[in-house]
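Structure at a glance
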Amino acid sequence: MSSGETYNGSCFCGAVQFTVTGEPAGMGYCHCDSCRHWSAGPVNAFTLWKPEAVKILQGGDLIKTYNKSPRSIRKWCSACGGHIFTEHPEWDLIDVYAAAIPDFPFKPGVHVHYQETVLHIQDGLPKLRDLPKEMGGSGDSLSE
Ligand SMILES: [Zn+2]
Ligand SMILES: [Zn+2]
């Protein structure tokens, strides 16, 4: 178990409670069509954690799963419909939605899948066409 701060998270209704501990492997915004369609929002704020950093405290039986592709196993609370996190098995990372961990100091470092954006954000952060090279993408940057 990694050392460090522990932050509380929950689904929209609060029936599912969980914690994240330590430092995430990455944080930023995803503009991909899948994230937008599933979240019903123009952009998704993500925080990526090693699986052992995420601990379900209660409501685990309410968590439902859907995966359109084997790369993204999406989890939500069946009581309220609130999205909680998405498992990315090939990267061994869990994307915990920044909105589900309100006390965590979200510090975005990058925008990914910016070629699919519907909401241009001029915040000076790098805008990757798809994903970083080490995650199987092109690593290419786009202008804001
Ligand atoms: Zn809920
Ligand atoms: Zn996405």
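Just above, that's the structure.
Read on for an overview of the structure. (Residues numbered from 1 in each chain as written. Chains lettered and ligands numbered in written order. Predicted model: local features only at pLDDT ≥ 70, side-chain atom pairs only at ≥ 80, totals over all residues. Heavy atoms only, no water.)

**Considering the coordination of the zinc ion (ligand 2)**
Those protein atoms acting as donors to the zinc ion (ligand 2) are Cys 30 (SG), Cys 32 (SG) and Cys 35 (SG), and they sit at 2.1 to 2.3 Å. Read in sequence order, the donor residues for the zinc ion (ligand 2) give the motif C-x1-C-x2-C. In this structure Cys 35 comes out as buried when scored by relative accessible area, which is 10%. (Donors = N, O, S within 2.8 Å, 3.2 Å for Na, K, Ca; no water. Buried < 20%, exposed > 50% of the residue type's maximum accessible area, 1.4 Å probe, protein only.)

**What to know about the pattern of salt bridges**
Pairing is possible between side chains that carry opposite charge, provided their charged atoms lie close to one another. Taken as a whole, this structure holds 6 salt bridges when the rule is applied. Taking the shortest distance from any N to any O, the salt bridge between Asp 140 and Arg 129 comes out at 3.5 Å. Taken together, the residues Asp 140 in the segment after strand 10 (110–112) and Arg 129 in the segment after strand 10 connect sequence positions 11 residues apart. Taking relative accessible area as the criterion, Asp 140 reaches 35% and is therefore assigned partly exposed. Assessed through its relative accessible area of 30%, Arg 129 is described here as partly exposed. Salt bridges linked by common partners bring Asp 123, Lys 127 and Glu 144 together as one network. (Salt bridge = Lys/Arg side-chain N within 4 Å of Asp/Glu carboxyl O. Helix = DSSP H or I, 4+ residues; strand = E, 2+ residues; numbered from the N terminus.)

**What about the coordination of the zinc ion (ligand 1)?**
Coordination of the zinc ion (ligand 1) by the protein involves Cys 11 (SG), Cys 13 (SG), Cys 77 (SG) and Cys 80 (SG), with metal-donor separations of 2.3 to 2.4 Å. Considering all 4 donor atoms around the zinc ion (ligand 1), the spread of angles at the metal, 103 to 118°, places the coordination shape in the tetrahedral class. One chain supplies every donor for the zinc ion (ligand 1), spaced along it as C-x1-C-x63-C-x2-C. Of the two residues, Cys 13 is situated in the loop between strand 1 (6–10) and strand 2 (17–21) and Cys 80 in the loop between strand 7 (72–77) and strand 8 (83–88); the sequence distance between them amounts to 67 residues. In this structure Cys 13 comes out as partly exposed when scored by relative accessible area, which is 44%. (Tetrahedral: all angles 85-135°; square planar, octahedral: opposite > 155°, others 65-115°.)

**With respect to unusual backbone geometry**
Positive phi, close to 55°, is recorded for Asp 92, a residue that is not glycine. Locating Asp 92 in the fold gives a position in the loop between strand 8 and strand 9 (93–97). Unusually for a residue other than glycine, His 113 sits at a positive phi of about 55°. With respect to the helices and strands, the residue His 113 is situated in the segment after strand 10.

**Examining the layout of surface pockets**
Put simply, the largest pocket is a space of about 730 Å³. Counting residues per element, the lining of the largest pocket draws most heavily on helix 1 (residues 33–39), which supplies 5 residues. Its residues assigned to classes, the lining of the largest pocket shows 17 nonpolar, 11 polar and 7 charged. Elements represented by at least two residues in the lining of the second largest pocket include exactly helix 1 and strand 4 (44–49). Looking at the lining of the second largest pocket residue by residue, the classes come out as 7 nonpolar, 6 polar and no charged. (1 Å grid on protein atoms, 1.4 Å probe; cavity = no way out; pocket = protein on both sides within 12 Å on 5 of 7 lines; lining within 4 Å. Points joined across faces, edges and corners; volume = space filled by probe spheres on them. Nonpolar A, V, L, I, M, F, W, Y, C, P; charged D, E, K, R; others polar.)

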